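Spelled out, the chains give:
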Amino acid sequence: MSARQKILLLPGDGIGPEIMEQAVRIIDWLKAERGLDVDLSEDLVGGASLAKHDLPIRDEVIAKAKAADAVLFGSVGDPAWKDVPFDRRPEVAILRLRKELNLYANLRPAKLFDPLLSASALKPDVVRGLDLMIVRETVGGVYFGEPRGIETLPDGTKRGVNTEVYTTAEIERVARVAFDLARLRSGRVCSVEKGNVMESGLLWREVVTDLHKREYSDVTLTHMLADNCAMQLVRDPRQFDVMVTGNLFGDLLSDLASMLTGSLGMLPSATLGTPEGSDRQAALYEPIHGSAPDIAGKGIANPLAQILSLAMMLRYSLDRGADSELIEQAVSNVLASGLRTADIAAAGESRVSTAEMGEAVLKELQKLA
């Protein structure tokens, strides 16, 4: 890595610019107080890019992302563009970034901060101490498989087609990420598929099992069908350490897991990969909550998932684990003090704005440092 690392900011749509602003305040503090040496650049994606450039993402932005050490992403999605063709929808921006940068492994932690026990959808004695990591494959499976599309049948009706496709290599590389992470955690991986009804699931189980036998016998491996996994996440979520699964099931299960932690607004993510023809790691960091257009511009969005995504970026791309832990502790302390944005506030609790929550994290960082 170069001495001065390059970070590309892509705030995107909806609440993206509001929450990104709070993350940038923390980056500025890290530069001033902790010696963080980065160059920041910013560009448009999603509906914001469509409005100015008539494209959800431009080739120039893809090139910037490929040249960056990491991308910090906000969100895309804007109902103003709901009637445009699929290949011009705002969400194409994130799909193309994943594909072009070969970002194949999405890391979605589901960690419950103790002060938010009452905000979880589950009883405290079921969810207390929850700390699991979902590793989701993100450039294969049904979201990218061919053939796909909508066709008109001879009788005038239509048929929509999407194809679930995985190769040995695609499964192995994301499974390696899960096994390596498990070695740094509690040493347990649960592989999730639907091998009882899908051939792609059968292959998934075979490949993960074979890789485990060859290279990761020190890690405990279990297998679970995706529908049972959804039930188990609600029944006993603490049984999981690292979960590895395909694109579609990872999308669904990680959103389910988010409600165990109190709010989608609390969950960060990292998506890691290696671009074709390169030996360097590409990485994109984003909150999983989406653009939330219904509250955009109101100053009430929760910025903590964006801030925690920054913490993941510091850990995985910038080799600044101490700063990452500092941010996570600051967030925990702020929550323990009782501050809540609307999404995590219980009935009768006072609510703070996006900027007030960001300011509180900054003040706590100053105390801790």
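Going by the structure above, here's the rest.
All values reported here derive from a predicted model rather than from experimental measurement.

## Here we look at helix H3 (residues 59-67)
Working step 1: Looking at H3, one finds that the buried residues are Val61, Ile62 and Ala65. Buried residues along H3 cover an arc of 105 degrees about the axis, so they all sit on one side.
Working step 2: Against the buried residues of H3 lie strand S1 (5-12), strand S3 (70-75) and helix H4 (92-100).

## Observations regarding the packing of helix H8 (residues 226-235) against helix H9 (residues 247-260)
Working step 1: Interhelical geometry of H8 versus H9 gives an angle of 10 degrees and a closest axis separation of 10 Å. Put simply, H8 runs roughly parallel to H9. Across the interface between the two elements, Ala226, Cys229, Ala230, Leu233 and Val234 of H8 pack against Phe249, Leu253, Leu256 and Leu260 of H9.
Working step 2: Of the residues contributing to the contact of H8 with H9, the split by class is 9 nonpolar, no polar and no charged.

## Regarding the packing of aromatic side chains
Working step 1: Enumeration according to the criterion identifies 2 aromatic pairs in this entry.
Working step 2: Between Tyr166 and Trp204, the ring centres sit 5.2 Å apart and the planes meet at 70 degrees, which makes this aromatic pair edge-to-face. Of this pair, Tyr166 sits in the loop between strand S7 (158-161) and helix H6 (168-184) while Trp204 sits in helix H7 (residues 199-215), and the two are 38 residues apart along the sequence.
Working step 3: Taking the centre distance of 4.7 Å and the plane angle of 15 degrees together, the rings of Phe179 and Tyr216 count as stacked. Of this pair, Phe179 sits in helix H6 while Tyr216 sits in the loop between H7 and strand S9 (220-225), and the two are 37 residues apart along the sequence.
Working step 4: By relative accessible area, Tyr216 is classed as buried at 5%.
Working step 5: Lys99 extends its terminal NZ or CZ atom over the ring of Phe144, reaching a point 4.9 Å from the ring centre.

## Focus: the sheet that holds strand S10 (residues 242-245)
Working step 1: Sheet architecture is open: 10 strands sit in the order S2-S1-S3-S12-S11-S4-S5-S10-S8-S9, paired in mixed fashion. A strand with exactly one partner marks an edge of an open sheet, and here the two such strands are strand S2 (38-42) and S9. Recorded for the sheet is a direction-independent mean angle of 20 degrees between the axes of neighbouring strands.
Working step 2: The strands that H7 touches are strand S5 (131-137), strand S8 (188-193), S9 and S10; relative to S9, the one it contacts most, it runs at about 175 degrees.

## Quick notes on the nonpolar core
Working step 1: If you look at the biggest cluster of nonpolar residues, it comprises 87 residues, and the most contacted ones within it are Val135 and Ile327.
Working step 2: Sequence-distant contacts of Ile327, defined by excluding residues within four places in its chain, comprise Ile26, Leu30, Ile307, Leu310, Ala311, Leu314 and Leu365.
Working step 3: Residues Ile62, Ala65, Val76 and Leu284 belong to the second largest nonpolar core, which totals 18 residues.

## Examining the pairing of S1
Working step 1: Of all 8 residues in S1, 7 are buried; the element is thus mostly enclosed.
Working step 2: A crossover links S1 with its parallel partner S2, the connecting element being helix H1 (residues 16-33), and its sense is right-handed.
Working step 3: Alignment of S1 against S3, held across 5 bridges, turns out to be parallel. Residue Leu8 lies in a different strand from S3, and its bridge partner there is Val71.

## Details of the side chain of Arg58
Working step 1: Along the polypeptide, Arg58 turns up in the loop between helix H2 (47-53) and H3.
Working step 2: If sequence neighbours within four positions are ignored, Arg58 has contacts with Asp43, Ser49, His53 and Arg96.

## A closer look at H8
Working step 1: Of all the positions in H8, only Ala226, Cys229, Gln232 and Leu233 are classed as buried. Taken end-on, H8 shows its buried residues confined to a sector of 110 degrees, consistent with a single buried face.
Working step 2: Turning to H8, the residues buried within the fold contact S5, S8, S9, S10 and H9.

## Quick word on the environment of Thr163
Working step 1: Its place among the elements puts Thr163 in the loop between S7 and H6.
Working step 2: As for Thr163 and Leu264, which are separated by 101 residues in sequence, their C-alpha atoms are 28 Å apart.
Working step 3: In this view, Thr163 contacts Gly141, Val142, Gly145, Glu146 and Pro147; residues no more than four positions away in its chain are not counted.
Working step 4: Of note is the side chain of Thr163, whose polar atom sits 2.5 Å from the backbone oxygen of Pro147.

## Focus: the pattern of salt bridges
Working step 1: By the definition in use, this model includes 30 salt bridges.
Working step 2: Measuring nitrogen to oxygen at the nearest pair gives 2.2 Å for the salt bridge that ties Glu359 to Arg25. Here Glu359 is found in helix H12 (residues 354-368), whereas its partner Arg25 is found in helix H1, with 334 residues between them in sequence.
Working step 3: On the basis of relative accessibility, which here comes to 29%, the residue Glu359 falls in the partly exposed class.
Working step 4: Looking at Arg25, the relative accessible area reads 25%, which means it is partly exposed.
Working step 5: Measuring nitrogen to oxygen at the nearest pair gives 3.5 Å for the salt bridge that ties Arg98 to Glu286. Highlighted residues: Arg98 in helix H4 and Glu286 in the loop between strand S12 (282-285) and helix H10 (304-316), separated in sequence by 188 residues.
Working step 6: Look at Arg98 and you get buried, because its relative accessible area is 8%.
Working step 7: Taking relative accessible area as the criterion, Glu286 reaches 8% and is therefore assigned buried.
Working step 8: Among the charged side chains, a salt-bridge network with shared partners connects Glu172, Arg176, Asp210, Arg214 and Glu215.

Reading the values: rules and limits
Residues numbered from 1 in each chain as written. Predicted model: local features only at pLDDT ≥ 70, side-chain atom pairs only at ≥ 80, totals over all residues. Heavy atoms only, no water. Buried < 20%, exposed > 50% of the residue type's maximum accessible area, 1.4 Å probe, protein only. Helix = DSSP H or I, 4+ residues; strand = E, 2+ residues; numbered from the N terminus. Arc of directions from axis to C-beta. Contact = heavy atoms within 4.5 Å. Axes fitted to C-alpha atoms, helices over the stretch in contact; angles between N-to-C directions. Parallel < 35°, antiparallel > 145°, perpendicular 65-115°, else oblique. Nonpolar A, V, L, I, M, F, W, Y, C, P; charged D, E, K, R; others polar. Phe/Tyr/Trp six-rings, centres within 6.5 Å; stacked < 30°, edge-to-face > 60°. Lys NZ or Arg CZ within 6 Å of the ring centre and 35° of its normal. Pairing = 2+ DSSP bridges. Core = buried A, V, L, I, M, F, W, Y, C linked by side-chain atoms within 4.5 Å. Right-handed = clockwise from strand over helix to strand, strands pointing away. Polar contact = N/O pair within 3.5 Å; in protein donor to acceptor, adjacent residues only side chain to side chain. Salt bridge = Lys/Arg side-chain N within 4 Å of Asp/Glu carboxyl O.

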